[in-house]
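Single-letter residue listing:
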Amino acid sequence: MTGGVAWQQQADVIVVGTGVAGLAAALAAHRAGRHVVVLSKAEQTGGATATCYAQGGIAVVLPETEDSVEAHIADTLAAGAGLCDPDAVESIVADGYRAVTELVGAGARFDESAPGRFVLTREGGHSRRRIIHAGGDATGAEVQRVLDRAAAALDIRGGHVVVRVLHDGGAVSGVVVVNADGLGVIHAPSVVLATGGLGHLYGTTTNPEGCTGDGIALALWAGAAISDIEFIQFHPTMLFSAHTSGRRPLITEAVRGEGAKLVDAEGDPVTAGIHPMGDLAPRDVVAAAIDARLKATGDPCVFLDARSIAGFESRFPTVTAACHAAGIDPVRQPIPVAPGAHYSCGGVVTDVWGHTELPGLFAAGEVARTGMHGANRLASNSLLEGLVVGGRAGRAAAAHAAAEGYARARVPDPFTPTALARAELQSAMSRDASAIREAGRLRRLADTLRAGQSRTPASRADFEDVALTLTARAVVAAALAREESRGCHRRAEYPDADPDQARSTVVRLAGDPDTVRVETPVPVC
Ligand code: SIN
């Protein structure tokens, strides 16, 4: 045993996470001939990832349609409000059809109007119908099903919580893991973070359990840069409940794409006169319009009236089931909805191959910031990015491992970052760092977050709490530094975008495991 470490193992490539990006990466690295170990903190692997809950679909330009890669790029850049990296957007969008074709080759079944002709729907911010879907509104479940099946032969380990990425300052050498056998080390030259998002920073979210900012914290502790982390997307239409916290069902934007209307309790339209695309404006615009209406009326929710949609139950079976479970019949009554924490547009800074600044550390999917989403992700671009960049990151990680060979990690001294109790953190974040922010509230929140207790991350719950707390500090620091409103980040005292702030900022660890600082520019990976 070394420094309290009960077990040690070895791999070429470690992938942390089993959603679309993680499994795409693992499969690609495996096909490249590397020994891949996939780690998940969930006891039961297979399903229950954020991928699994994705409803709307995958945004992709199909050949021989009126759509074009240029139009998809233009819509992505417009939604991103000046902060996308146009080269990253082009690279990922242009590779979408190839990635989807590969998934279909692996057995994915998307909804078709005739054999070989995918049905296309529309979502907020898209100028065309370009969203393919499966099972009506169960696209993510189909993607997860196919990837889980393809990955069945891989070494996938549940109940493994990665608590540190090991490195010598110049390159990655493995991870520290907590599992039922205690603290262990897996030595490896390549580590791919595909840990998903951070929705559980807030009291209600569309994200499943486990979306606790793990990859953000792991990357910060490893010395890597985080960017665009202030841009947390609130989905406009999370199913409202006055009494339930934690994960709440999503009502996919595709419901609006098929004609449903957003109205307030009086039946008045919510987005009238706000944006030329109305209820199908980009997500940040619609969420802000709902927020403003709720503040003006004092109501807790608005309503999505989908009663005009023919065949609603067969087109949207997942939404129908969620409504029924809540005692709502969407065919006969408007659905109560409110904005809910949904997606982190920023994350660990990477290029479009998943490379971070630290050789051997890769990131893909929601945890990564490739420059694809800027200040606001375009709907259904996330499964696309996860598939494309996940696969590329797996290939890059395999190539790195082949070039570097066996890595032997030095086991670091134990460390005890601080954490706030989860309920306290979620309530403070929901109160002071939701869709509309303001300096005084953000400063109060920063003070609250400074007051955490020392915690050794020796269990899943402990690790999640320290990860949430450090991630919250990063969000708040970046939100305070951005004195303007842009995309998903809205400041009450600065209602407009400021052209001088049309650049991404970076958050890094500043010395100890609890303190972050904001800087520019974004590093080139
Ligand atoms: C939705 O179906 O509205 C969500 C899709 C997404 O987050 O891109």
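Basis of the calculations
- Residues numbered from 1 in each chain as written.
- Predicted model: local features only at pLDDT ≥ 70, side-chain atom pairs only at ≥ 80, totals over all residues.
- Heavy atoms only, no water.
- Near = heavy atom within 4 Å.
- Polar contact = N/O pair within 3.5 Å; in protein donor to acceptor, adjacent residues only side chain to side chain.
- Areas by Shrake-Rupley, 256 points an atom, 1.4 Å probe, with all protein chains shown as cover.
- Nonpolar A, V, L, I, M, F, W, Y, C, P; charged D, E, K, R; others polar.
- Patch = residues over 30% accessible without salt bridge, like charges linked within 9 Å, V, L, I, M, F, W, Y side chains within 5 Å.
- Salt bridge = Lys/Arg side-chain N within 4 Å of Asp/Glu carboxyl O.
- Lys, Arg positive; Asp, Glu negative; His and termini not counted.
- Charge placed at Lys NZ, Arg CZ, Asp CG, Glu CD.
- Helix = DSSP H or I, 4+ residues; strand = E, 2+ residues; numbered from the N terminus.
- Buried < 20%, exposed > 50% of the residue type's maximum accessible area, 1.4 Å probe, protein only.
- UniProt positions renumbered as here; feature names shortened; annotations may be inferred.
- Phe/Tyr/Trp six-rings, centres within 6.5 Å; stacked < 30°, edge-to-face > 60°.
- Lys NZ or Arg CZ within 6 Å of the ring centre and 35° of its normal.
- Core = buried A, V, L, I, M, F, W, Y, C linked by side-chain atoms within 4.5 Å.
- Contact = heavy atoms within 4.5 Å.
- Expected span 1.5 Å × (residues − 1).
- Pairing = 2+ DSSP bridges.
- Axes fitted to C-alpha atoms, helices over the stretch in contact; angles between N-to-C directions.
- 1 Å grid on protein atoms, 1.4 Å probe; cavity = no way out; pocket = protein on both sides within 12 Å on 5 of 7 lines; lining within 4 Å.
- Points joined across faces, edges and corners; volume = space filled by probe spheres on them.

Enquirer: What should I look at first to understand the site of the ligand in this one?
Expert: Around the ligand lies a shell formed by Gln55, Gly56, Glu123, His235, Leu250, Thr252, Glu253, Arg283, His342, Arg377, Ala379 and Ser380. Measuring from an oxygen atom of the ligand, one finds a backbone N or O atom of glycine 56 at 2.8 Å. A distance of 2.7 Å separates an oxygen atom of the ligand from a polar backbone atom of glutamate 253. Protein contacts shield 96% of the accessible area of the ligand, which totals 260 Å² for the unbound molecule. Within the shell around the ligand, the residues separate by chemical class into 2 nonpolar, 6 polar and 4 charged.

Enquirer: Would you explain a negative patch on the surface in this entry?
Expert: Negative charge collects at one region of the surface, where Glu70, Asp85, Asp87 and Glu90 lie side by side. When you line up the elements, aspartate 85 lands in the loop between α3 (69–79) and α4 (86–94). For aspartate 85, a relative accessible area of 32% translates into the label partly exposed.

Enquirer: Please explain the UniProt feature "domain: FAD-dependent oxidoreductase 2 FAD-binding" (unreviewed entry) in the protein chain as it appears in this structure.
Expert: Mapped onto this numbering, the UniProt entry annotates "domain: FAD-dependent oxidoreductase 2 FAD-binding" (unreviewed entry) at residues 12–383. With 27% helix and 23% strand, the stretch residues 12–383 has end C-alpha atoms that lie 26 Å from each other.

Enquirer: How do you make sense of the packing of aromatic side chains when you look at a structure like this?
Expert: The geometry of an aromatic ring pair comes down to the distance between the two centres and the angle between the two planes. Summed over all chains, the structure comprises 5 aromatic pairs. Ring centres of phenylalanine 110 and phenylalanine 118 lie 5.7 Å apart, and the angle between their planes is 80°; on these two criteria the pair is classed as edge-to-face. Arginine 164 extends its terminal NZ or CZ atom over the ring of phenylalanine 415, reaching a point 3.9 Å from the ring centre. The ring of tryptophan 353 has arginine 392 sitting right over it, with the charged end atom 5.6 Å from the ring centre.

Enquirer: What am I meant to see in the nonpolar core here?
Expert: Soluble globular proteins tend to bury their nonpolar side chains together. Core analysis: the biggest nonpolar cluster contains 72 residues, and Ile14, Ile186, Leu193, Leu201, Trp221, Ile229 and Met429 have the highest contact counts within it. Every residue in contact with tryptophan 221, bar those within four places of it in the chain, is listed here: Val163, His167, Phe415, Pro417, Phe463, Val466, Leu470, Leu509 and Pro513. Within the second largest apolar cluster, 48 residues are counted, among which are Ile58, Ile73, Ala108 and Ala364.

Enquirer: It is not clear to me how helix α14 (residues 439–450) should be interpreted in this structure. Could you clarify?
Expert: Given 3.6 residues per turn, any residue in an α-helix points the same way as the ones three and four places further on. Between its first and last C-alpha atoms α14 spans 16 Å; for 12 residues at 1.5 Å apiece the expected length is 16 Å, and the two agree. For α14, every residue scored as buried is listed here: Ala439, Leu442, Leu445, Ala446, Thr448 and Leu449. Buried residues in α14 make contact with α13 (422–432), β25 (436–437), α15 (460–481) and β27 (490–491). Of the residues flanking the start of α14, the one acting as N-cap is glutamate 438, its side-chain oxygen 3.0 Å from the backbone nitrogen of glycine 440.

Enquirer: Explain the sheet that holds strand β10 (residues 161–167) here, please?
Expert: To summarise the sheet geometry, strands pair through backbone hydrogen bonds and adopt either a parallel or an antiparallel arrangement. With mixed pairing, the 4 strands of this open sheet are ordered in space as β1-β12-β11-β10. Of all strands in the sheet, those with a lone pairing partner are β1 (7–10) and β10, marking the two edges. Strand-to-strand twist of the sheet, defined as the mean angle between neighbouring strand axes without regard to direction, takes the value 25°. As defined by bridge partners, β1 adjoins strand β12 (residues 182–187) across 4 bridges and the pair is classed as parallel.

Enquirer: Looking at this structure, how should I read the layout of surface pockets?
Expert: Remark: the empty space left among the atoms is shown by a probe the size of a water molecule rolled over them. Roughly 470 Å³ of internal volume is contained in the second largest pocket. Along the wall of the second largest pocket there are 22 residues; nearest its centre are Thr204, Met238, Ala338, Pro339 and Ser434. Broken down by secondary-structure element, the contributors of at least two residues to the lining of the second largest pocket are β16 (232–239), α9 (283–297) and β20 (335–344). The element that contributes the greatest number of residues to the lining of the second largest pocket is β20, accounting for 4 residues. In terms of residue class, the lining of the second largest pocket is built from 11 nonpolar, 7 polar and 4 charged.

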